[in-house]
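Chains, contacts and geometry: an overview
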Amino acid sequence: MRARRNSQTLSLIQEKSETIASSITSKLRNFDLEVVACYRAQDGEVKLEPVVKSLFRSHIKVVIPVVRNQSMEFTLIEANSKFVPGPFGIEEPTDLSFVDPFQIDLVLAPLVAFSSAGQRLGRGGGYYDQMFIENDKSVFVGVAYDFQLSDEFCSHASDKPLDAVVTETGWRVFRSEKLVFDSRV
């Protein structure tokens with residue numbers, strides 16, 4: 001799945017990312033959000049820069065993950081944040097201002113694959129699972145391409161299930177008790 005994601009052309013990644021970002025920003029207009037977790041794309045992942053810019057325009061705080069001492073934390077970013085490669089080659093801001101994960105209203109998480117039942121396969125570090133498995137406040141949304149749908153992986157009790165996933169063809173909602181997604185969008 002990672003190889004397929006990485007084999008896409010840059011123009012195709014950009015085109016799909018713009019479609020996905022438009023779907024996300026349209027949906028998010030319906031909700032009262034204060035803090036949204038995004039990520040810096042790598043290895044062919046969906047790019048969220050248009051979503052981040054839209055959140056900044058709406059005065060919503062944006063945080064991204066950074067890994068320190070084998071655990072993930074979230075740090076605020078600003079429109080003028082400067083980025084450098086972190087320990088795993090993922091860009092992170094030069095100025096770190098950590099935020100309690102229980103302050104995050106919505107998490108937009110990258111993934112390697114997702115199942116039709118809303119399970120997420122990440123890179124294998126379990127960072128998102130550890131951070132959010134006990135967090136019932138944050139809505140957990142995977143961001144992926146349609147071809148990343150797969151029911152050929154196993155999930156465990158310690159895996160955080162997705163509340164929804166968004167791809168280039170739209171939203172799939174798995175659990176909506178925390179946040180009712182308007183079906184008109």
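Residues numbered from 1 in each chain as written. Predicted model: local features only at pLDDT ≥ 70, side-chain atom pairs only at ≥ 80, totals over all residues. Heavy atoms only, no water.

A short note on the overall build of the chain
The test is simple: Runs of E in the DSSP output that reach at least two residues are strands. Runs of H or I that reach at least four are helices, and both are numbered from the N terminus. When a residue's accessible area, from a 1.4 Å probe over protein chains only, is under 20% of the maximum for its type it is buried; when over 50% it is exposed; and in between it is partly exposed. Note that accessible areas follow from Shrake-Rupley with a 1.4 Å probe, and for residues the cover is restricted to the protein chains shown. We treat Lys and Arg as the positive residues and Asp and Glu as the negative residues; His and chain ends play no part in the count. The atom standing in for a charge is NZ when the residue is Lys, CZ when it is Arg, CG when it is Asp and CD when it is Glu.
Secondary structure summary: the chain contains 4 helices and 12 strands in total. If one aligns the C-alpha atoms of the chain with their principal axes, the spans along those axes are about 40 × 35 × 35 Å. A total of 185 residues make up the chain; the buried ones form 50% of that total. Surface summary for the chain: the accessible area is close to 9,500 Å², and the carbon and sulfur share equals 49%. One finds the centroid of the 21 positive side-chain charges in the chain at a distance of 4 Å from the centroid of its 25 negative side-chain charges.

What to know about unusual backbone geometry
Phi is positive for Asn69, close to 50°, though the residue is something other than glycine. In this structure, Asn69 sits in the loop between strand 2 (61-68) and strand 3 (71-77). Asn69 sits in the exposed class, given a relative accessible area of 77%. In this structure, Gln70 takes a positive phi of about 65° despite not being glycine. Inspection of the secondary structure puts Gln70 in the loop between strand 2 and strand 3.

Here's the deal with the pattern of salt bridges
Our working definition: Note on definitions: salt bridges are taken to be side-chain nitrogens of Lys or Arg within 4 Å of carboxyl oxygens of Asp or Glu.
Scanning the model with the defined rule gives 7 salt bridges in all. In this structure, Glu91 and Arg40 form a salt bridge, with 2.3 Å as the shortest nitrogen-oxygen distance. In this pair, Glu91 sits in strand 5 (residues 91-93) while Arg40 sits in the loop between strand 1 (35-37) and helix 3 (49-57), placing the two residues 51 residues apart along the sequence. Owing to a relative accessible area of 36%, Glu91 belongs among the partly exposed residues under this scheme. Between Glu92 and Arg68 there is a salt bridge; the shortest N-O distance is 2.4 Å. Residue Glu92 is found in strand 5, and its partner Arg68 is found in strand 2; the two are separated by 24 residues along the sequence. Classification of Glu92 as buried rests on a relative accessible area of 7%. With a relative accessible area of 24%, Arg68 lands in the partly exposed category. Put simply, Asp43, Glu45 and Arg123 are held in one network by salt bridges that share partners.

As for the nonpolar core
What counts here: For our purposes a nonpolar core is just a set of buried Ala, Val, Leu, Ile, Met, Phe, Trp, Tyr and Cys residues, chained together by side-chain atoms within 4.5 Å. The criterion used for residue contact is that any of the two residues' heavy atoms lie within 4.5 Å.
Of all hydrophobic cores here, the largest spans 49 residues; its most connected members are Ile24, Cys38 and Leu108. Dropping the residues within four chain positions of it, Ile24 is found in contact with Leu48, Val51, Leu108, Val143, Val166 and Trp171.

A closer look at the environment of Gly122
On the secondary structure map, Gly122 appears in the loop between strand 9 (120-121) and helix 4 (127-132). Along the primary structure Gly122 and Arg175 are separated by 53 residues, whereas in three dimensions their C-alpha atoms are 19 Å apart.

Description of the pairing of strand 11 (residues 164-167)
Note the cut-off: Note: two strands are recorded as paired if DSSP finds a minimum of 2 bridges between them.
Across the two faces of strand 11 the burial is the same, with Ala164 and Val166 and Val165 and Thr167 all buried. Relative to strand 12 (residues 170-173), strand 11 is paired through 4 bridges, and the arrangement is antiparallel. Within strand 12, the position partnered with Val165 by the bridge is Arg172. What sits between the antiparallel neighbours strand 11 and strand 12 is a turn of 2 residues.

What about helix 3?
What counts, and what does not: The arc refers to the directions leading from the helix axis to the C-beta atoms.
Among the residues making up helix 3, those that are buried are Val51, Val52, Ser54 and Leu55. Taken down its axis, helix 3 places every buried residue within 160° of arc, on the same side. For helix 3, the exposed residues set more than 90 degrees away from the buried face come down to Lys53 and Arg57. If you follow the buried residues of helix 3, they end up packed against helix 2 (10-28), strand 1, strand 2, strand 3 and strand 7 (106-110).

Quick look at the packing of aromatic side chains
To keep it simple, the criterion reads: Aromatic contacts are taken between Phe, Tyr and Trp rings whose centres are within 6.5 Å, Trp giving its six-membered ring; a plane angle under 30 degrees counts as stacked, one over 60 as edge-to-face, and the others as tilted.
Within the structure shown, the criterion is met by 5 aromatic pairs. Considering the side-chain rings of Tyr145 and Phe147, the 5.5 Å spacing of their centres and the 10° angle between planes classify their relative orientation as stacked. Like Tyr145, the residue Phe147 is buried in the burial classification. Ring-pair connections join several aromatic residues into one group, and the members of that group are Phe74, Tyr128, Phe132 and Phe140.

By themselves, these observations are geometric and do not establish any function.
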